[in-house]
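Understanding the architecture of this molecule
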Amino acid sequence: MTERMILSIGTKKGLFVAEASRTRGRFSLRGPFGSGVAVYSTLVDVRGASARIYASSCNAFFGMKVLVSTDRGKSFKETKSPPAFPKDDGRALANIWSLEAGAAKKDLWAGVEPAALFHSDDGGDSWEKVAGISDHEHASKWKPGAGGMCLHTILRDGKRVHVGISTGGHYLSEDGGLSFAPSNEGIGSAWNPVSYPEFGQCVHKIVGHKDAPGRFYMQNHGGDPKLPGIGVLRSDDHGRSWRSIAKGLPSDFGFPIVAHPHDPDTVYVMPLEGVTRTCPGGSPGVWRSENGGGSWKKLARGLPKKESFFTVLRDAMAIDDLSSPALYFGTTTGQLWIGRDGGEKWERLFESLPPINCVKVAQA
Amino acid sequence: MPFPGSPAADITVAVSSPLRDFCGGEAEIRVRAPDLRALLVELERSQPRLHRAICDETGRMRRHVNLFINELHMSERGGLDATLAPGDVVTILPAVSGGKT
């Protein structure tokens, strides 16, 4: 089967799938699937012979579902069950914030609200709570951010598992997820009486790179003049310690952070004003560093130059893996943008979708 | 008799359209239960997906779901302890909670 570029777009009103040839000329749109129900996480899983698209369908009335498609997003069905806390746990699932592929072909991980981690070894039909982080001794002390108390980032690096919790901080497992410890040295927290606490930071997103083991970039909750520069960080020791790379950005507040698929020194952020969480000065731009955060350049050719006040949420920016990759971001105003040539030239693919929560892309 | 010691009544559960996806498309389900709490227990046994749409995994009723006994909201009939009589209709309706989304 000829590979196509597949975009999976989670919105406030359901999931959309856009498809194009590898030249990314014209994207056709289908959906919404799970119509009317918010989708906060999606995954284009290309590990098997045929791709699967997963999406969480987070119904505020009737609870959660995990949707799956085996025909590149032409149709979706429910998996046999969503993640659920054991009855005697006392917690109830409020949202599914992250779906990530695991090591084995049908392994899946889900990060949820209230902050907890679930694992499935059968493609999402059954789930087991990962006690090492979900029942961590700190869990009762984590506090919800504006989006809820969510475990939103799951990164695997061999035996290491990194999770990002808002607001709990970054936790690292070095035993495959059996046990976790806070790993937040250098990550600031502007609303905590302790500026650099052991845990409790409002981490927004973390990204690693397959070609640079131990290297991670983080978008943390910045934007506070009391602690300038805490918003965009880098680690070179598997997330044990972090340092600011925010110098040169118009704001260190933002939600997503994305790494170039073939160059670990190239990283992208979408700076937002800390108070309004909209584009600085009404002029949106993705900012790129090609030297690991040493300096930054605004990429805005084709984007509005003024009067643009949208927000791009933590999972709403993605990059494909072609040799000259394209970036994609979705806005809370329902626009989906493509930045060709690594973000050098922007075009609006769709202009009136529902508010966009998440965007994932893969060739499938 | 599913509930020894209590007379179980024949009850019709009216399933509103947004919830029929959780019970094979059925608009009505017949159950035997002496009170509302027992009715939910019976639904958990016989219609687990529908029950999960009404109650979360702790067993608490979801915030945006309402149960009516005939024409009265469950809160006007004693909540989950409301007794049921043969012929009662228990209607499951989503709350009017729009606006935010």
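Residues numbered from 1 in each chain as written. Chains lettered and ligands numbered in written order. Predicted model: local features only at pLDDT ≥ 70, side-chain atom pairs only at ≥ 80, totals over all residues.

1. Overview of the overall build of chain A
Within chain A, the secondary structure is distributed over 2 helices and 28 strands. Expected size for 364 residues packed as a compact globule is a radius of gyration near 21 Å; at 19 Å, chain A falls within 12% of this value. Taking the principal axes of the C-alpha coordinates as reference, chain A spans close to 50 × 50 × 40 Å. Classification of the 364 residues of chain A by burial places 52% in the buried group. Restricting the contact set of chain A to residue pairs at least 6 apart, pairs at least 24 apart contribute 48%. (Helix = DSSP H or I, 4+ residues; strand = E, 2+ residues; numbered from the N terminus. Rg over C-alpha atoms; globule rule 2.2 N^0.38 Å. Buried ≥ 20, exposed ≤ 12 C-beta atoms within 10 Å, placed from the backbone. Contact = placed C-beta atoms within 7 Å.)

2. Comments concerning the overall build of chain B
Along its length, chain B carries 2 helices and 5 strands. Listed by position from the N terminus, the elements making up chain B come as β-β-α-α-β-β-β. For chain B, buried positions account for 26% of its 101 residues. Sequence-distant contacts in chain B: of pairs separated by 6 or more residues, those separated by 24 or more amount to 55%.

3. Regarding the sheet that holds strand 2 (residues 14-20) of chain A
All names here are of chain A. Strand order in this open sheet of 4 strands is 3-2-1-28, and the pairing throughout is antiparallel. The outermost strands of the open sheet, each flanked by one partner alone, are strand 3 (28-33) and strand 28 (356-363). For this sheet, the mean inter-axis angle between neighbouring strands, taken without regard to orientation, is 15 degrees. As judged from the 7 bridges shared by strand 1 (residues 5-11) and strand 28, these two strands associate in the antiparallel manner. Each bridged residue has a counterpart across the sheet, and for Leu-7 the counterpart in strand 28 is Val-361. (Pairing = 2+ DSSP bridges. Axes fitted to C-alpha atoms, helices over the stretch in contact; angles between N-to-C directions.)

4. Observations concerning the environment of Pro82(A)
Residue and element names in this part refer to chain A. On the secondary structure map, Pro-82 appears in the loop between strand 7 (77-78) and strand 8 (95-101). Residue Pro-82 is classed as buried on the basis of its C-beta count, with 24 C-beta atoms lying within 10 Å. With 96 residues separating them along the chain, Pro-82 and Leu-178 place their C-alpha atoms 22 Å apart. When neighbours within four sequence positions are excluded, Pro-82 is seen to be in contact with Met-64, Lys-65, Val-66, Leu-93 and Ile-96.

5. Considerations on the nonpolar core
Side chains that are nonpolar tend, in soluble globular proteins, to be buried together. Among the nonpolar cores identified, the biggest contains 103 residues, and Met317(A), Tyr328(A) and Val359(A) are the most heavily contacted of them. Beyond its immediate stretch of four places on either side in the chain, Tyr328(A) contacts Leu7(A), Met317(A), Ala318(A), Leu336(A), Trp337(A), Ile338(A), Val359(A) and Val361(A). (Core = buried A, V, L, I, M, F, W, Y, C linked by C-beta atoms within 7 Å.)

6. Observations concerning the confidence of the model for chain B
In the predicted model, chain B carries a mean pLDDT of 89, and 88% of its residues have values of at least 70. Predicted as a complex, the structure gets a pTM of 0.94 and an ipTM equal to 0.81. (pLDDT = per-residue confidence, 0-100.)

7. Structural notes on the pairing of strand 6 (residues 63-69) of chain A
Residues and elements named next belong to chain A. With 7 of its 7 residues buried, strand 6 lies for the most part within the structure. Pairing geometry for strand 5 (residues 52-59) and strand 6, over 7 bridges, is antiparallel. Within the sheet, the bridge partner assigned to Asn-59 lies in strand 6 and is Gly-63. Linkage of strand 5 to strand 6, two consecutive antiparallel strands, is achieved through a turn of 3 residues. As paired strands, strand 6 and strand 7 are joined by 2 bridges and run antiparallel to one another. Counterpart to Val-68 in the pairing with strand 7 is Lys-77.

8. Topic: the environment of Leu299(A)
Residue and element names in this part refer to chain A. Relative to the elements of secondary structure, Leu-299 occurs in strand 23 (residues 297-299). Measuring from C-alpha to C-alpha, the distance between Leu-299 and Pro-325 comes to 14 Å, with 26 residues separating the pair along the chain. Setting aside its immediate chain neighbours within four residues, Leu-299 contacts Gly-285, Val-286, Trp-287, Arg-288, Gly-339, Gly-343 and Glu-344.

9. Looking at the interface of chain B and chain A
Facing 13 residues of chain B, the contacting portion of chain A comprises 12 residues. In terms of residue class, the side of chain B that touches chain A is made up of 4 nonpolar, 4 polar and 5 charged. (Nonpolar A, V, L, I, M, F, W, Y, C, P; charged D, E, K, R; others polar.)

10. With respect to the sheet that holds strand 22 (residues 286-289) of chain A
Backbone-to-backbone hydrogen bonds join strands into a sheet, with any given pair of strands oriented parallel or antiparallel. Residue and element names in this part refer to chain A. Read from one edge of the open sheet, 4 strands run 20-21-22-23, paired in antiparallel fashion. Each of the sheet's edge strands pairs with one partner strand only, and the pair in question is strand 20 (257-259) and strand 23. Strand-to-strand, the axes of this sheet are offset by a mean angle of 30 degrees, without reference to chain direction.

11. Focus: the environment of Val258(A)
All names here are of chain A. Tracing the sequence through the fold places Val-258 in strand 20. Classification of Val-258 as buried rests on a count of 24 C-beta atoms within 10 Å. With residues near it in sequence (within four places) discarded, Val-258 still touches Val-207, Tyr-268, Met-317, Ala-318, Ile-319 and Leu-327.

12. Let's talk about unusual backbone geometry
Residues and elements named next belong to chain A. Following Gly-31, the chain continues to Pro-32 via a peptide bond in cis, the omega torsion being 5 degrees. Along the chain, Pro-32 falls in strand 3. Positive phi outside glycine occurs at Arg-24, with the angle close to 60 degrees. Along the chain, the position of Arg-24 falls in the loop between strand 2 and strand 3.

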